[in-house]
Amino acid sequence: MRQLRLGIPKGSLQEATLQLFARAGWRITASARSYFPAIDDPEINCMMVRAQEMARYVESGGLDAGITGKDWILETGANVAELAELVYAKQRLARVRWVLAVPEDAPVQSVRDLEGKVIATEVVNLTRQYLKRNGVSARVEFSWGATEVKVPQLADAIVEVTETGSSLRANRLRIVDTVLESATTFIANRTAAADPWAREKMANLVLLLQGAISAYNKVGLMLNVRKENLPGVLGVLPALKNPTISALSDPDWVAVNTIVDEEIVRQIIPRLKAAQAQGIVEYPLNKIVP
């Protein structure tokens, strides 16, 4: 039996990725000490790899496919096939930003104020490219971690990744500029991407993973309503939605089925009840596939 060698990001993206696969229909069981998690699909062989290294291993053919950030593809310069963006991060469904940051009380107002200074970062190549685009000459030093604490004693500024900026604020740092926006990306080895079996397997994975992302923060609503009250019910549902309306055995009644954002359900259900809807059911969604 053929197997797709798939890299799962170890580290900050690990838990979010395992949860995403579960919603998409694949159960991955990872042990804290094992780099080879079990998956309930005999056609997939998983390996845990740091996102920073993923693109290199996929490029070399050690892995057929993997999930990593666009930032690490650019940082390593790996020649891989980018099959799809999967817009999720550690804490939420969003892109992340690599930002230039300095201490709150630093006089720096733009990257040009860092001429001749020291910048600490994990993305040395991306930072050097950014400085070159801005015509700034500064020393870029690789940071093995805890980058936020290196200013001002060990560096004048840092380039660090952030989702919300909360960690930077907690360390009394101020964002000066955005160096790069990055999204989680499903990548493939170019030889594997050209193989019909592997290509189909990866395409099916991407389809269901994207469907799971689309279903995050959404729920389904089902309800029954008399035809005479249907306009009032439809008026309560969010604009630009196209609910499914089905006939019931009683010709005077119809069933309505729709998808809404979870955050507004608590406002909608009382209004639906007031509009004479009955048998209102809210249900969770795992995937929405267009």
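Presented here is a report on the structure given in the accompanying data block. Please read all numbers here as calculations on a predicted model, not as lab measurements.

## Comments concerning the sheet that holds strand β14 (residues 244-247)
Backbone hydrogen bonds are what pair the strands of a sheet, in a parallel or an antiparallel way.
Phase 1: The four strands lie next to each other as β14-β15-β13-β16, forming an open sheet whose pairing is antiparallel. The two strands at the open ends of the sheet, each matched to only one other strand, are β14 and β16 (278-284). Sheet twist, expressed as the average angle between the axes of neighbouring strands with direction ignored, equals 20°.
Phase 2: Sheet analysis places strand β13 (residues 218-226) next to β16, joined by five bridges and oriented antiparallel. Considered in β16, the bridge of Val 219 is made with Pro 284.

## Things to note about the pattern of salt bridges
Phase 1: Overall, the coordinates contain eleven salt bridges when judged by the stated rule.
Phase 2: Each of Asp 41, Glu 43 and Lys 201 takes part in one network of salt bridges that share partners.

## Quick word on a nonpolar patch on the surface
Phase 1: Taken together, Tyr 35, Phe 36 and Met 47 make up a surface patch of nonpolar side chains, about 310 Å² in accessible area.
Phase 2: By the element assignment, Phe 36 lies in the loop between β2 (28-29) and β3 (38-39).
Phase 3: Owing to a relative accessible area of 53%, Phe 36 belongs among the exposed residues under this scheme.

## Regarding unusual backbone geometry
Phase 1: Looking along the chain, the bond that leaves Val 151 and enters Pro 152 is cis, with omega of 5°.
Phase 2: In this structure, Pro 152 sits in the loop between β9 (139-142) and β10 (157-162).
Phase 3: Although it is not a glycine, Asn 217 adopts a positive phi angle of roughly 65°.
Phase 4: In this fold, Asn 217 is placed in the loop between α7 (196-215) and β13.

## Comments concerning the sheet that holds strand β6 (residues 81-85)
Phase 1: The sheet built from five strands is open, its strands ordered β4-β1-β5-β12-β6 with mixed pairing. Either end of the sheet is taken by a strand with one partner, and the two such strands are β4 (44-50) and β6. The average undirected angle you get between the axes of adjacent strands in this sheet is 30°.
Phase 2: As judged from the seven bridges shared by strand β1 (residues 4-10) and β4, these two strands associate in the parallel manner. Across the sheet, the residue bridging to Leu 4 is Ile 44, located in β4.
Phase 3: Packing against the sheet, helix α1 (residues 14-24) makes contact with β1, β4 and β5 (65-69), and its axis sits at approximately 135° to β1.
Phase 4: Lying over the sheet, helix α2 (residues 51-60) contacts β1, β4, β5 and β12 (184-188), oriented at roughly 130° with respect to β4.

Conventions adopted
Residues numbered from 1 in each chain as written. Predicted model: local features only at pLDDT ≥ 70, side-chain atom pairs only at ≥ 80, totals over all residues. Heavy atoms only, no water. Pairing = 2+ DSSP bridges. Helix = DSSP H or I, 4+ residues; strand = E, 2+ residues; numbered from the N terminus. Axes fitted to C-alpha atoms, helices over the stretch in contact; angles between N-to-C directions. Salt bridge = Lys/Arg side-chain N within 4 Å of Asp/Glu carboxyl O. Patch = residues over 30% accessible without salt bridge, like charges linked within 9 Å, V, L, I, M, F, W, Y side chains within 5 Å. Areas by Shrake-Rupley, 256 points an atom, 1.4 Å probe, with all protein chains shown as cover. Buried < 20%, exposed > 50% of the residue type's maximum accessible area, 1.4 Å probe, protein only. Contact = heavy atoms within 4.5 Å.

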